Amino acid sequence: MSFPKMSEALLSCSGLSVRFGGLVALDALDLEVRSGAIVGLIGPNGSGKTTLFNVITGVYRAAGGRAQFSGQDLTGMTPQRIYAAGVTRTFQRSRLALPLSVFDNVMIGNHRLLNHGLWFNLFRRSGLRREFERNLAKAHALVATFSAPLAERMFDAAGAFSMIDRRRIEICRALVSEPRLLLLDEPSAGMTHEETRELMDDLLAVRSRLPGLSIVIIEHEMNVIERVCERCAVLNYGRKIAEGSYAQVAADRQVQIAYLGTE
Amino acid sequence: MSVLPGIASIAAMALYAAFFLHAESQAQVLGLLALAVVGVPVLARAGWVARTATSLEAHPLAARSASVAALAAIIALFHDQHFVMLMLASVLLYSVACLGLTVQFGYAGVVNFAGAAFLGVGGYTAAVLGPHVPHALVLLIGGLLAALVGSILILPILRTRGHYAALITVAFGILFRTFVEVNDALGGPQGLQVKGMNLFGWELNSPLKDLSFYANYVFVGLALAAAAFVLVRRLERSWVGLNLDAVRLDETAAAVFGIDVARWKILAFTFGNFFAGIAGAAYAMMTGFIAPNSFTFGDSLILVSIVLLGGLGSAWGVPLAAGIVLIVPEKLQALQEYRFLLYAMLVIAILLVRPQGLIARPARQYFPR
Amino acid sequence: MDVGLFGQYVANGLMLGVIYAMVAVGFTLFFGVLDVIKFSHGDVLTAGAFAGLATYAGLQALGLTSSAVQLLIILLVAVAAMAFLGALIAKYLVLPLRTAPPLNTLLLTLMLGSALRECVRLFYPQGANPKPFPRLLPQDAVALGSFTLRLDNVLLLLGGLAAIAAVHFVITRTKLGLAIRAVAQDAETARIMGINFERVVLLTFALGSGLAALAGIMNGLYYSEINFSIGLLLGVIGFSAAVVGGLGNIYGAILGGFLFAGLQTVGAVLLPALLPEVPSAYKDVFAFAAVIAFMAWRPTGLIAEKTAERV
């Protein structure tokens, strides 16, 4: 797929709103993500960060506003079509298919690049085998970037692994289809500083192989944001209250009040 | 993983089956049952069941050949006994239907409590079309009609989750049975006679040599079961099987990664009902009649129980469970009256003690390496 | 159609509605508290009816012949027995399977229902045959034009409504009811708040099963006959009613019960009127088809489940 020029906005949300009954979860949000950028999304709990991910990926319906992705209007699209356009994500609460193997889980993310025809799968077995071997190698290489021991156990059930390994599997699931926009929801939750640092190193390594890949990261771990993101946006009660580099945002009075309260 | 555990287990089971089928007195039957009830958990604890399952998965060709050979041996042993041949054919045909049900809720998670109704559709097709249409075609049409009838339920099933979807199939099963019972064109409560199967000139109701004529149906049943088995295994060991599992385990995550949930549920449901229809048509031709009483809600429960007992999603578990469910009650003559009660208690016990069923479904191996 | 016949249909429909509603309330209570569909519920109804019948036989043997006393004792025994049975089922069969996939519990309760049915059929003297149920209510009737209003029907109707109202009272006005609702909403939090989860579950099952026993006795009094399989159809109908009304919602269950009775009545009336060759036995086909179509339109019932999935 062709990537837009580096400076063009890949994702552009304008006036995006989400309501649950009377509760306004997202309030007329404007956000731009350029092609190749890494943007951080921070804010107190309940400020609408995951809601934003959900509405971009089509899990929630927008009550107002628009989300444009590479020239296409995402608002109102099914999650399946949004994925086909090149948007993938991880979940705040890990959503892996635990009884399935590591390979299976990663392949679920690879849906776009696999042949799902019934005839092909049932009767063209040698063709299927070739596709299987090719994708096994691809998945193996991707998983190995994050953890070599994990890559040696591609056919063990995902449920047998530790939480950090499961997190890695989830990220691989989101990366394997070579997306253009990756939405990471609190990837470092529950990890030590060391593990987080390692995860971010691996992520950046993969990203260098996928030029033009944009990433939006929701995080509570400020070190990550500071280290990895060029820009970040701060949400509070569904509205964007600040945007800029990490330094700018950290010094912003409104942001400090949001996190720490007024004196 | 060596092929030996799988082959050894198949041979042992064939031997056990032979003894069981041969047993005359109730004491012998109960003794054999006691042996199984005590012996199997011991073997399971020793890891033998898991080893068998993995071995079968790793060597599909050997496993299938061994099964066919075992079946051939049993046919040879009991070739002139109507009862045994009828039982074997029934087990094989029920396996076809239950393999279909496995695809529906073992893989895709679409619960079907109206399985017997789809068998009934096939059966009535055989009754009505049998005298006029070549029987190989009748089988196919029976399957297609069952799939078609099932498609009526597709919209409600797609829009509902969990218990609600289950209710729809329950309601449908009852609805279908009532419909057929009240409909005199389909024979009403008495049902219809069904002509014996005649495949390309081979009249199945006339015996070959000194074999019971039911043996003919065993051969046809074996062909159908083998085809169903191969198709279901290939389905599971493919991207399609992966999609079905993804849909079953987490619809939202599946959707977010591009999986068309509706498409795969429809496929699984239709696929399964197709199998049930074919099995129903063949079964009706074998028993010679079809009536509303042939496919009650209780029968649908039996189908679901077979799938669960064998191990949800385990294809090898299906014929094993079908064998247990269909044959054991028949052998307990003295307890004939109590067989449904005992059977219900057995299933309850298994659900409490070994819910994963007899053969837990092994991890997907796309191509045995 | 003449008023008498119309009145007959309405009375019959109301009666069925009350019974269905009582069964549906049970289903909805169990689902609310444990997210479980206890398919054996209909057969608990049957067991309750037969318990009542057995008690009656016992009372006759003892020489107690006053109808009112008999009725009272039958009700007490049947309701108590089924409440106890319900609690047993909850403790030893349903609670242990809480962590298992829901399909397992579904199948377990289905099998349990079959087991109960078979037990009645096998162990009750001549259980396979329909058994006459004693007429313990006053048999007077009042003629209103061409419509005969039976006093016992009125009493049953009132009794049923009173029972439902009582359950509603318990759920909304008592501490137990509050505990039940708390557990239904969020078991974890309820526990943390000091609610004894297991006790609440057992009591809920006891309550629902007692209600079923009452429904069974009422069914027997209305038709003057019971048989071992009445629970099967009543169970499915009660479940349908609970689902249509929205699982977990008591008002929904009551509404669903009457709605289903209404569907059956309409079917029984309409079909012969519209399509004369179609026998009224099609009424069940009609009712169930309507339920299926309804589920396609409103997938989570009339009064939707309040659960939302956290993504």
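Residues numbered from 1 in each chain as written. Chains lettered and ligands numbered in written order. Predicted model: local features only at pLDDT ≥ 70, side-chain atom pairs only at ≥ 80, totals over all residues.

## Quick notes on the overall build of chain C
Phase 1 of the analysis: A count of helical and extended segments in chain C gives eleven helices and four strands.
Phase 2 of the analysis: In terms of overall size, chain C behaves like a compact globule, its C-alpha atoms giving a radius of gyration of 20 Å where 311 residues would be expected to give roughly 19 Å.
Phase 3 of the analysis: Here chain C holds 311 residues, and the buried ones make up 50% of them.
Phase 4 of the analysis: Relative to all contacts within chain C whose residues are 6 or more apart in sequence, the contacts with residues 24 or more apart total 75%. (Helix = DSSP H or I, 4+ residues; strand = E, 2+ residues; numbered from the N terminus. Rg over C-alpha atoms; globule rule 2.2 N^0.38 Å. Buried ≥ 20, exposed ≤ 12 C-beta atoms within 10 Å, placed from the backbone. Contact = placed C-beta atoms within 7 Å.)

## Structural notes on the overall build of chain A
Phase 1 of the analysis: A tally of helices and strands in chain A yields eleven helices and ten strands.
Phase 2 of the analysis: Computed over C-alpha atoms, the radius of gyration of chain A comes to 19 Å, within 12% of the 18 Å expected from 2.2 N^0.38 for 263 residues, which places it in the range of a compact globule.
Phase 3 of the analysis: In terms of principal-axis extent, the alpha carbons of chain A reach across some 65 × 40 × 40 Å.
Phase 4 of the analysis: Once local pairs closer than 6 in sequence are excluded, the contacts in chain A between residues at least 24 apart make up 69%.

## Regarding the domain arrangement of chain A
Residues and elements named next belong to chain A.
Phase 1 of the analysis: Entries for chain A in the domain assignment read domain 1 (1-86 + 179-263) and domain 2 (98-178).
Phase 2 of the analysis: Here the C-alpha centre of domain 2 lies 26 Å away from the C-alpha centre of domain 1.
Phase 3 of the analysis: Facing the twelve residues of domain 1 at the interface are eleven residues of domain 2.
Phase 4 of the analysis: Put simply, the parts of the chain that give the side of domain 1 that touches domain 2 at least two residues each are α2 (79-85) and α8 (193-209).
Phase 5 of the analysis: Ranked by the residues each element gives to the side of domain 1 that touches domain 2, the list is headed by α8, at four residues.
Phase 6 of the analysis: Residues that form the side of domain 1 that touches domain 2 fall into these classes: nine nonpolar, one polar and two charged. (Domains from an automatic or database assignment. Nonpolar A, V, L, I, M, F, W, Y, C, P; charged D, E, K, R; others polar.)

## Some words on the sheet that holds strand β7 (residues 181-185) of chain A
All names here are of chain A.
Phase 1 of the analysis: Pairing is mixed in the open sheet, where six strands are placed in the order β6-β7-β8-β3-β9-β10. With partners counted over all chains shown, the strands left at the sheet margins are β6 (87-89) and β10 (239-244), one partner each. Neighbour-to-neighbour, the strand axes of the sheet open up by a mean angle of 20 degrees, direction not taken into account.
Phase 2 of the analysis: Examined bridge by bridge, strand β9 (residues 231-236) and β10 share five bridges and lie antiparallel to one another. Across the sheet, the residue bridging to C232 is G244, located in β10.
Phase 3 of the analysis: On top of the sheet, helix α11 (residues 253-260) reaches β9 and β10; it is set at about 125 degrees to β10, its chief contact. (Pairing = 2+ DSSP bridges. Axes fitted to C-alpha atoms, helices over the stretch in contact; angles between N-to-C directions.)

## Remarks on the packing of helix α1 (residues 3-34) of chain C against helix α10 (residues 250-274) of chain C
Phase 1 of the analysis: Here α1(C) crosses α10(C) at 145 degrees, and the two axes come no closer than 7 Å. Handedness of the α1(C)/α10(C) crossing: right-handed. (Left-handed = near helix turned anticlockwise from the far one by under 90°.)

## Here's the deal with the nonpolar core
Phase 1 of the analysis: Among the nonpolar cores identified, the biggest contains 307 residues, and A97(B), A279(B), A282(B), I306(B), M22(C), V25(C) and M82(C) are the most heavily contacted of them.
Phase 2 of the analysis: Looking at which domains feed residues into this core, each of domain 1 (1-86 + 179-263) and domain 2 (98-178) of chain A gives three or more.
Phase 3 of the analysis: Contacts of I306(B), omitting those with residues within four sequence positions, involve Y94(B), C98(B), V318(B), A321(B), A322(B) and V325(B). (Core = buried A, V, L, I, M, F, W, Y, C linked by C-beta atoms within 7 Å.)

## Details of the interface of chain C and chain B
Phase 1 of the analysis: Taken together, the contact pairs 37 residues of chain C with 36 residues of chain B.
Phase 2 of the analysis: Elements supplying a minimum of two residues to the side of chain C that touches chain B: α4 (102-123), α9 (230-245) and α11 (282-297) of chain C.
Phase 3 of the analysis: Top element by residues in the side of chain C that touches chain B is α4(C). It accounts for 14 residues.
Phase 4 of the analysis: Classifying every residue of the side of chain C that touches chain B gives 31 nonpolar, four polar and two charged.

## Some details on the environment of P362(B)
Residues and elements named next belong to chain B.
Phase 1 of the analysis: For P362, the position within the fold is in the segment after α16 (339-353).
Phase 2 of the analysis: Taking the number of C-beta atoms within 10 Å as the measure of exposure, P362 has 16 and is therefore partly exposed.
Phase 3 of the analysis: Between the C-alpha atom of P362 and that of F271, which follows or precedes it by 91 residues, the distance is 22 Å.
Phase 4 of the analysis: With near-sequence residues (within four places) excluded, P362 lies in contact with A53, T54 and E57.

## Some details on the sheet that holds strand β1 (residues 9-20) of chain A
Residues and elements named next belong to chain A.
Phase 1 of the analysis: Spatial ordering of the open sheet is given by β2-β1-β4-β5, a layout of four strands whose pairing is antiparallel. Edge strands, defined here as strands with exactly one partner in the open sheet, are β2 (23-34) and β5 (72-73).
Phase 2 of the analysis: In terms of strand pairing, β1 meets β2 through eight bridges, oriented antiparallel. Bridging from a neighbouring strand, L11 pairs with V33 of β2.
Phase 3 of the analysis: On the sheet, helix α1 (residues 49-56) packs against β1, β2 and β4 (64-69) and is oriented at approximately 70 degrees with respect to β2.

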